[in-house]
Amino acid sequence: MSLLTQRQYPNTRMRRMRKDDFSRRLMRESTLTPSDLILPVFVLDGDNRREAVASMPGVERLSLDLLIEEAREVAALGIPALALFPVIDPAQKSEFAEEAYNAGGLVQRSVRALKQACPELGLITDVALDPYTSHGQDGILDEHGYVLNDRTVETLLKQALSHAEAGADIVAPSDMMDGRIGAIRAVLEQENLHNARIMAYSAKYASRYYGPFRDAVGSSVNLGGADKTTYQMDPANSDEALHETAMDLAEGADMVMVKPGMPYLDVLGRIKRELQVPTFAYQVSGEYAMHMAAFENGWLEADAVILESLMCFKRAGADGILTYFAKRAAQLLNE
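Residues numbered from 1 in each chain as written. Predicted model: local features only at pLDDT ≥ 70, side-chain atom pairs only at ≥ 80, totals over all residues. Heavy atoms only, no water.

Some points on the pairing of strand β5 (residues 122–127)
For step 1, the next point in the chain: Within β5, six of the six residues are buried, which leaves it mostly tucked inside the rest of the structure.
For step 2, the next point in the chain: On β5, burial covers both faces: Gly122, Ile124 and Asp126 on one face and Leu123, Thr125 and Val127 on the other are all buried.
For step 3, the next point in the chain: Since strand β4 (residues 81–87) and β5 lie parallel, the crossover through helix α4 (residues 106–117) that links them has a hand, and here it is right-handed.
For step 4, the next point in the chain: Bridging between β5 and strand β8 (residues 170–173) involves four bridges; their strand directions are parallel. Bridge pairing in β8 links Asp126 to Ala172. (Buried < 20%, exposed > 50% of the residue type's maximum accessible area, 1.4 Å probe, protein only. Helix = DSSP H or I, 4+ residues; strand = E, 2+ residues; numbered from the N terminus. Right-handed = clockwise from strand over helix to strand, strands pointing away. Pairing = 2+ DSSP bridges.)

Some points on the environment of Pro263
For step 1, the next point in the chain: Topologically, Pro263 is positioned in the loop between β10 (255–259) and α10 (265–275).
For step 2, the next point in the chain: With 24 residues separating them in the primary sequence, Pro263 and Glu287 have C-alpha atoms 8.9 Å apart.
For step 3, the next point in the chain: Those residues within four positions of Pro263 in sequence are excluded, and the remaining contacts are Tyr209 and Glu287. (Contact = heavy atoms within 4.5 Å.)

Things to note about the packing of aromatic side chains
For step 1, the next point in the chain: All chains considered together, the criterion is met by 10 aromatic pairs.
For step 2, the next point in the chain: Relative to Phe85, the ring of Phe42 lies with its centre 6.2 Å away and its plane at 40°, an arrangement referred to as tilted. Here Phe85 lies in strand β4 and Phe42 lies in strand β1 (residues 37–44), a separation of 43 residues in the sequence. Taken as a pair, Phe42 and Phe85 share a single burial class, namely buried.
For step 3, the next point in the chain: Ring centres of Tyr282 and Tyr324 lie 6.0 Å apart, and the angle between their planes is 45°; on these two criteria the pair is classed as tilted. Note that Tyr282 is positioned in strand β11 (residues 279–283) and Tyr324 in the loop between β12 (320–323) and α13 (326–334), a separation of 42 residues in sequence.
For step 4, the next point in the chain: The exposure class of Tyr282 is buried, given its relative accessible area of 1%. (Phe/Tyr/Trp six-rings, centres within 6.5 Å; stacked < 30°, edge-to-face > 60°.)

A short note on helix α6 (residues 180–190)
For step 1, the next point in the chain: Every buried residue belonging to α6 is among Arg180, Ile181, Ile184, Arg185, Val187 and Leu188, and all of these are buried. One side of α6 carries all its buried residues, which in axial view fall inside an arc of 165°.
For step 2, the next point in the chain: As for α6, its buried residues are in contact with β5, α5 (149–166), β8, β9 (197–204) and α9 (239–251).
For step 3, the next point in the chain: One or two steps after α6, the chain reaches Asn192, where phi turns positive at roughly 60°. (Arc of directions from axis to C-beta.)

Some thoughts on unusual backbone geometry
For step 1, the next point in the chain: That bond from Tyr9 to Pro10 is cis: its omega, 10°, falls within 30 degrees of zero.
For step 2, the next point in the chain: Cis geometry is found at the peptide bond from Lys259 to Pro260, where omega equals 0°.
For step 3, the next point in the chain: Relative to the assigned elements, Pro260 resides in the loop between β10 and α10.
For step 4, the next point in the chain: Despite not being glycine, Met176 shows a phi value in the positive range, around 70°.
For step 5, the next point in the chain: Looking at the secondary structure, you find Met176 in the loop between β8 and α6.
For step 6, the next point in the chain: We classify Met176 as buried; its relative accessible area is 4%.

Overview of the packing of α5 against α6
For step 1, the next point in the chain: Taken N-terminus to C-terminus, the directions of α5 and α6 make an angle of 45°; their axes are 9 Å apart at the nearest point. Considering their axes alone, α5 and α6 lie oblique with respect to each other. When the axes of α5 and α6 are compared, the crossing they make is right-handed. Residue-level contacts link Val153, Leu156, Leu157, Ala160, Leu161 and Ala164 of α5 to Arg180, Ala183, Ile184, Val187 and Leu188 of α6.
For step 2, the next point in the chain: Grouping the amino acids of the contact of α5 with α6 by side-chain chemistry returns 10 nonpolar, no polar and one charged. (Axes fitted to C-alpha atoms, helices over the stretch in contact; angles between N-to-C directions. Parallel < 35°, antiparallel > 145°, perpendicular 65-115°, else oblique. Left-handed = near helix turned anticlockwise from the far one by under 90°. Nonpolar A, V, L, I, M, F, W, Y, C, P; charged D, E, K, R; others polar.)

This is the structure:
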């Protein structure tokens with residue numbers, strides 16, 4: 001008989017430890033701090049430009065000069081890193097996404113400027129082709145519209161290398177191509193970029209929660225009615241996520257990602273328990289939009305629900321959380 005089954009009322013009153021704030025704090029199993037948070041940001045070309053994302057109230061696309069100001073605020077709040085996503089001019093998009101690895105491209109220029117202005121802030125760059133392709137898919141297509149795996153990996157490793165050479169601390173392949181982590185790790189080693197870290201989006205699902213993000217980066221129009229089910233994971237699967245994650249680790253990933261977040265906490269928990277590696281989760285744009293709709297309608301209490309939603313990631317095993325609520329949460333945690 002286990003200890004749990006032996007504990008009975010009234011010898012055991014579970015509410016005893018809940019009575020006072022001090023004892024609730026003493027027995028608290030999970031903690032949330034600004035150091036657990038990563039803020040995703042959207043950068044666009046130009047100066048003094050600020051564009052609201054209609055489907056993500058409170059989120060804006062920022063030109064680099066304004067993003068540098070934002071980065072300084074983020075660092076002052078104790079948030080350790082930004083995740084950078086580009087908004088590419090439609091004229092620069094192409095079938096083969098050549099702009100993705102342009103050394104003078106928007107992401108590469110942004111990384112150099114941000115590292116100079118705010119060197120203590122970690123920079124995570126998205127390694128994926130969908131912001132750069134004229135068709136909105138994350139890779140190079142064959143004549144039937146199928147994403148070619150190995151041809152896409154050739155472009156991804158060029159993109160990742162250009163980001164690392166610009167000064168990115170962490171490159172984050174979010175494309176879900178097979179073998180891309182090993183290919184990127186090999187080229188980083190070859191170029192003596194030994195400390196460039198890889199955050200693999202290892203369990204990225206073919207989710208319908210990504211719509212507002214695609215609006216923000218401008219890929220939804222290019223994608224049209226197509227989907228990404230031939231390379232992103234089936235939402236019905238969790239064993240598969242373990243296989244994906246183990247393969248990425250074997251190929252040289254330093255940390256792994258589950259995306260989306262709250263609907264996939266079971267997957268997050270399994271990966272952390274079974275593989276015991278640095279594990280991150282992304283509270284994606286659809287999750288953010290749903291919360292904001294409830295807040296704006298007065299259906300939920302914003303500050304308390306934001307912190308509760310982020311705590312659930314920590315309880316499930318996340319070492320860090322990408323969230324559009326990062327600044328607001330850090331302000332609340334610092335009070």
